[in-house]
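# Inside the fold
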Amino acid sequence: MNLILFFNGWGMDENCVSEIKIPINYCLQIVNFPYEYNVKNLKKYEKIYFAGWSFGAWYLSKFIIENEIKSQNIIGINGHGEIIGKYGIKEKMIDLTIKSLTEKSILKFYKNMGIADEIKISQEKFFSVKNEIIYFRKNYIPLKNIFTKIIVGKDDRIVPFKNQKKYCCENSIKYVEENFSHYPFEFFKNWNEIIGDGE
């Protein structure tokens, strides 16, 4: 059996990828905040693809580096290890997002991400999501590149396309441009489109 280990984005759960078909002979494991995963679990799989989306790409970078994992199958989707700064979101923008975050503004943020469906958020969920981004900001440090491929949305309004492209070019990373926004999971129908495995 093979594994797709997916590090999810900020404030998201498994529902965001629930419609994407999992290839035969693969299983999908989703890692959400606080992004804890026992590396020993990897030993049972023949082939492993690592994927991270948005802030999840940064947490995946951290996981790969801390566990000294060597792989040629590490994929970023609209994210990477330097997601704040000149290669990603401006520092002042993420700080303003945190400072002004309300239940109303987070729904606007989801819309800017490109999520077509209307999302309802409870007060409890709002505080959870807010604490998650505060934790990320406090613990963020730029991380060295670990990605073998990055899929970049040309319409990304959260992590600007030109910044992601610059990061890929300067780090000699293979990248694929696609016609989607920051939220890409209405575009993909099968995980093969992400991992690039024809099996």
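In the block above lies the structure referred to throughout.
First things first, this report covers the structure right here in the doc. Here the structure is a predicted model, which means the values were calculated and not measured.

## What to know about the pairing of strand β1 (residues 2-7)
Burial analysis of β1 places 6 of its 6 residues in the buried class, the great majority of the element. Side chains N2, I4 and F6 of β1 all project onto a buried face; the interleaved residues L3, L5 and F7 project onto the opposite face, where all are buried too. Where β1 lies against strand β2 (residues 26-31), 6 bridges are found, and the strand directions are parallel. Counted as the bridge partner of L5 is Q29 from β2. Pairing of β1 with strand β3 (residues 48-53) involves 5 bridges; the strand directions are parallel. The residue bridging L5 from the neighbouring strand is F50, located in β3.

## Describing the pairing of strand β6 (residues 174-178)
Two elements, strand β5 (residues 149-153) and β6, share 5 bridges in a ladder whose sense is parallel. Bridging across to β6, K149 finds its partner in K174. Assessed by its sense of winding, the connection that carries the chain from β5 through helix α5 (residues 161-170) to β6 is right-handed.

## A closer look at the sheet that holds β2
Taken in spatial order, the 6 strands of this open sheet run β2-β1-β3-β4-β5-β6, and their pairing is parallel. Two strands close off the open sheet at either side, each with one partner strand: β2 and β6. Adjacent strand axes in the sheet meet at a mean angle of 20° when their direction is disregarded. Of the strands in this sheet, β1, β3 and β4 (74-77) touch helix α1 (residues 55-66), which is tilted by about 135° from β3.

## Side note on the packing of helix α2 (residues 91-99) against helix α4 (residues 123-139)
At their nearest, the axes of α2 and α4 sit 10 Å apart, and the two run at 150° to each other. Judged by the twist between their axes, the crossing of α2 over α4 is left-handed. Packed against α2, whose contacting residues are E91, I94, D95, T97 and I98, the element α4 presents K130, I133, I134, F136 and R137 at the interface.

## Concerning the packing of α1 against α4
Relative to each other, α1 and α4 sit at 50°, their axes nearing to 12 Å. When the axis of α1 is compared with that of α4, the two are oblique. Regarding α1 and α4, the two cross each other, and that crossing is left-handed. Contacts between α1 and α4 involve F55, W58 and Y59 from the former and I133, Y135, F136 and N139 from the latter. Here the residues of the contact of α1 with α4 are counted per class, giving 6 nonpolar, 1 polar and no charged.

Analysis parameters
- Residues numbered from 1 in each chain as written.
- Predicted model: local features only at pLDDT ≥ 70, side-chain atom pairs only at ≥ 80, totals over all residues.
- Heavy atoms only, no water.
- Buried < 20%, exposed > 50% of the residue type's maximum accessible area, 1.4 Å probe, protein only.
- Helix = DSSP H or I, 4+ residues; strand = E, 2+ residues; numbered from the N terminus.
- Pairing = 2+ DSSP bridges.
- Right-handed = clockwise from strand over helix to strand, strands pointing away.
- Axes fitted to C-alpha atoms, helices over the stretch in contact; angles between N-to-C directions.
- Contact = heavy atoms within 4.5 Å.
- Left-handed = near helix turned anticlockwise from the far one by under 90°.
- Parallel < 35°, antiparallel > 145°, perpendicular 65-115°, else oblique.
- Nonpolar A, V, L, I, M, F, W, Y, C, P; charged D, E, K, R; others polar.

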